[in-house]
Amino acid sequence: MTHPTRPWDAVVTLDGADISARVIGVLSVKISAGQNRTASFTYDPPAGSIDPNDWAGKSVTIDIEDLTTTVRRVFTGVVDVPQFNISTRTVLMACTQNRNGLLSAYTESGIESLITDSRYSTYIFDGDADIPRKAEDRLLTVDKSLDFDGSNAAVLSDWGAKATADISLAATDVRNESVSVSLASRDSLRNSIAVNYKYRFTRLRHREYVFSWDYPGGNSAMATYIADPTTLAFRNQIIEAAQGTGLVLKPGYTFDDFGPSGYYGGISFVISPIEAAKYALGADFTLMQRFTQRVTEDYTVTVKAPQSITQFGEVTKSSTYGVTAEYDSSDWDDLDSYEDPSGTLSANGDYITDMTTGVDGDRTESDDAVKCGIAIARVQILGDHRANYVDLNTVNVRPDILIQHTIDLTSTKAQCKGKVEEIEHILHVGEDPGWEHYTRLKIALSRVENTAPTESAISAPTPPDTSDSGPLPSATILGSYFGNHAASPAYDETWDGLIGNYKYYDAVQTLNIYPEGGFIVRTPVVADADRNEREVSAASDHEIEIPNDTLVLN
């Protein structure tokens, strides 16, 4: 259908059939950046019975023909809602491009390839979401717009205005009095967003305690014993005491032999080799303990726009994320046989392994999550500062203007250069040629004054220091305590080592007689700093640059 007096024509198909001759009234195609493209027109159906539901879901295409140049496809979609007007016997066709359906045709890797430089983390976004949701989540991390053109081909474009505009509009291209300007409110201009982020992981600790015990007398222990006999320590008694701690006895423990028959300090002593082998005059052994500790790294990365803060004052917001490295420590804690230590020797003598690799939520995933959070904050700030718009109506329908275009406007009211944010083609079809037909444009402008900082690439913050402060442990020296002696102190239940009595003192006259035949090993208490959750913090800034698009008002 060609109108005889206007340089454009609209061609509409419904379910593959050309219905242009039966389209009346206003035809509108609305295109908003990053949104679902829509269209509407009034259809005057042929005579006969009508069931509006027959048109729901039917394919629709709309072309705008510039009779002096080319044909441009401005819409491809389906009928969403056919609204029947019983009085006029016409149907208002509300149509949708079905953006979600177009996104659903992609694989997850296809979406990642399509939205270049985007980030994604299942610790910030819903990893079980469908493909359209994942696409929209990725778009939250880039200052770009993903759109589908009139033929439903994907187009990814930067928010920023190009150095050279795609289309220049002069005053003669704009309808009189149609230019208007709206600016973002100060309160809506977030320019400082604190990204609060926690990374939690399990620290495996392998600790070894070295113990040493010697019977009194040193090198003359046998002479000391024979001169004044006491309770002796059995070798199996020492082993049982060590194992009774609940820790793991390290193989390779040693004993100092009890002496054989002979003269000691001039005193004859007789004992069978079998009997002597039961006792020890000294022992050296090591006990192993393994336990875990939760470590939390608490970060605050402040994403800020210094230009905006200088101009408008600080307008803050915060966001909170977290990643936990999942690790089942039951096998580590429940070990009942000795294993050689692994990991890094810490300042306090523990061998440490931080479970930040090879697990769900490892360090790489953690870094990806915090970088994703920084990217989201950056895009939010950039988005707030480009919520300044110049609206206008063109003199004629302009299907050549696309959503990815940069427009340079020079009119009697305003001069600006910015990215197209919204397009609406409005055509009066089948009406008197004097009826209006034009394209409504909304141009987005990023606005801020002052000198921009040099923006660096997004990176994960440096982990804070979570190391131990020491000191290295020393060997535990176990004692020997004997009662039934005038000099024996009162029994102390905190003693460890050999507990017994002298044999040849008068027990009746002695108040302090100790429990006989005991050997006690007590393990040091694990310090709270090594057992309880260790939380450390780090703070850093990420400064961003906000473009300052041209806007001059006359």
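Residues numbered from 1 in each chain as written. Predicted model: local features only at pLDDT ≥ 70, side-chain atom pairs only at ≥ 80, totals over all residues. Heavy atoms only, no water.

Asks: Could you give an account of the overall build of the chain, with specific residues and numbers?
Replies: Within the chain one finds ten helices and 30 strands. A compact globule built from 554 residues should have a C-alpha radius of gyration of about 24 Å, whereas the chain, at 42 Å, is more than 25% larger. Split by element, the accessible area of the chain, about 26400 Å² in all, is 48% carbon and sulfur. Treating the 45 positive side-chain charges of the chain as one cloud and the 79 negative ones as another, the clouds have centres 7 Å apart. (Helix = DSSP H or I, 4+ residues; strand = E, 2+ residues; numbered from the N terminus. Rg over C-alpha atoms; globule rule 2.2 N^0.38 Å. Areas by Shrake-Rupley, 256 points an atom, 1.4 Å probe, with all protein chains shown as cover. Lys, Arg positive; Asp, Glu negative; His and termini not counted. Charge placed at Lys NZ, Arg CZ, Asp CG, Glu CD.)

Asks: Before we move on, can you summarise the environment of Tyr 225 with the specific residues and values?
Replies: Looking at the element boundaries, Tyr 225 is found in helix α4 (residues 221-227). According to the relative accessible area criterion, Tyr 225 is buried, its value standing at 8%. Considering only alpha carbons, one finds Tyr 225 and Tyr 264, 39 residues apart in sequence, at a separation of 9.4 Å. Ignoring any residue separated from it by four or fewer positions in sequence, one finds Tyr 225 in contact with Tyr 215, Thr 230, Leu 232, Phe 258, Phe 269 and Lys 503. (Buried < 20%, exposed > 50% of the residue type's maximum accessible area, 1.4 Å probe, protein only. Contact = heavy atoms within 4.5 Å.)

Asks: Which residues make up the nonpolar core, and what are the values?
Replies: General note: in soluble globular proteins, nonpolar side chains tend to be found buried as a group. Counting residues in each nonpolar core, the largest one holds 44 residues, and the members touching the most others are Leu 27, Phe 41, Ile 62 and Met 93. Aside from chain neighbours lying at most four places away, what touches Leu 27 is Ala 10, Val 12, Ser 40, Phe 41, Ile 62, His 425, Ile 426, Leu 427 and Val 429. (Core = buried A, V, L, I, M, F, W, Y, C linked by side-chain atoms within 4.5 Å.)

Asks: A description of the pattern of salt bridges should follow, citing residues and the corresponding values.
Replies: Inspection of every chain in the model, using the stated rule, returns 32 salt bridges. A salt bridge links Asp 63 to Arg 73; the nearest nitrogen and oxygen atoms lie 2.3 Å apart. Here the residue Asp 63 occupies a position in strand β5 (residues 59-66), and Arg 73 occupies one in strand β6 (residues 71-85), the gap between them amounting to ten residues. Judged by relative accessible area, which is 11%, Asp 63 ranks as buried. In this structure, the salt-bridge partner of Glu 421 is Arg 386, at a minimum N-O distance of 3.3 Å. (Salt bridge = Lys/Arg side-chain N within 4 Å of Asp/Glu carboxyl O.)

Asks: Go over the confidence of the model for the chain, please, and point to the residues and values.
Replies: Residue-level pLDDT values for the chain average 93, and 96% of them are 70 or greater. Predicted confidence for residues 1-5 stays below pLDDT 50, and this span has eleven contacts to residues more than four positions away or in other chains. (pLDDT = per-residue confidence, 0-100.)

Asks: Help me get a handle on the side chain of Asp 137, residues and values and all.
Replies: Inspection of the secondary structure puts Asp 137 in helix α3 (residues 131-139). Those residues in contact with Asp 137, other than ones at most four positions away along the chain, are Tyr 120 and Phe 125.

Asks: Break down helix α5 (residues 235-243) for me, with residues and values.
Replies: Every buried residue of α5 is accounted for by Gln 237, Ile 238, Ile 239, Ala 241 and Ala 242. In this structure, the buried residues of α5 make contact with β12 (192-214), β13 (233-234), β14 (248-249), β15 (254-257), β18 (279-304) and β28 (518-520).

Asks: For helix α9 (residues 363-385), give the residues involved together with the corresponding values.
Replies: Counted at 1.5 Å a residue, the expected span for α9 with its 23 residues is 33 Å, and the 33 Å between its end C-alpha atoms agrees. Structurally, the start of α9 carries an N-cap: the backbone nitrogen of Thr 364 is 3.2 Å from a side-chain oxygen of Asp 362. (Expected span 1.5 Å × (residues − 1). Polar contact = N/O pair within 3.5 Å; in protein donor to acceptor, adjacent residues only side chain to side chain.)

Asks: Please set out the packing of aromatic side chains residue by residue, giving values where relevant.
Replies: The geometry of an aromatic ring pair is captured by the separation of the ring centres together with the interplanar angle, meaning the angle of the planes. Counting across every chain of the model gives 19 aromatic pairs. Arranged with centres 5.6 Å apart and planes meeting at 40°, the rings of Tyr 199 and Phe 201 form a pair that is tilted. With a centroid separation of 5.9 Å and 70° between ring planes, the pair formed by Tyr 253 and Phe 255 is classed as edge-to-face. Through pairs of rings, three or more aromatic residues link up here, namely Tyr 215, Tyr 225, Phe 234, Phe 258, Tyr 264, Phe 269, Tyr 279, Phe 482 and Tyr 502. (Phe/Tyr/Trp six-rings, centres within 6.5 Å; stacked < 30°, edge-to-face > 60°.)

Asks: I'd like a description of the environment of Thr 245, backed by residues and values.
Replies: Tracing the sequence through the fold places Thr 245 in the loop between α5 and β14. Distance from Thr 245 to Glu 177, taken between C-alpha atoms, is 90 Å for residues 68 residues apart in sequence. In this structure Thr 245 touches Leu 287, Val 521 and Thr 523, once residues within four positions along its chain are discounted. Looking at Thr 245, its side chain comes within polar contact range of the main-chain oxygen of Ala 242, at 2.6 Å.

Asks: With reference to specific residues and values, describe unusual backbone geometry.
Replies: Residue Pro 471 is bonded to the preceding Gly 470 through a cis peptide linkage, with omega at 0°. Looking at the secondary structure, you find Pro 471 in the loop between β25 (438-445) and β26 (476-483). Even without being a glycine, Asn 450 presents a positive backbone phi close to 80°. Within the secondary structure, Asn 450 sits in the loop between β25 and β26.

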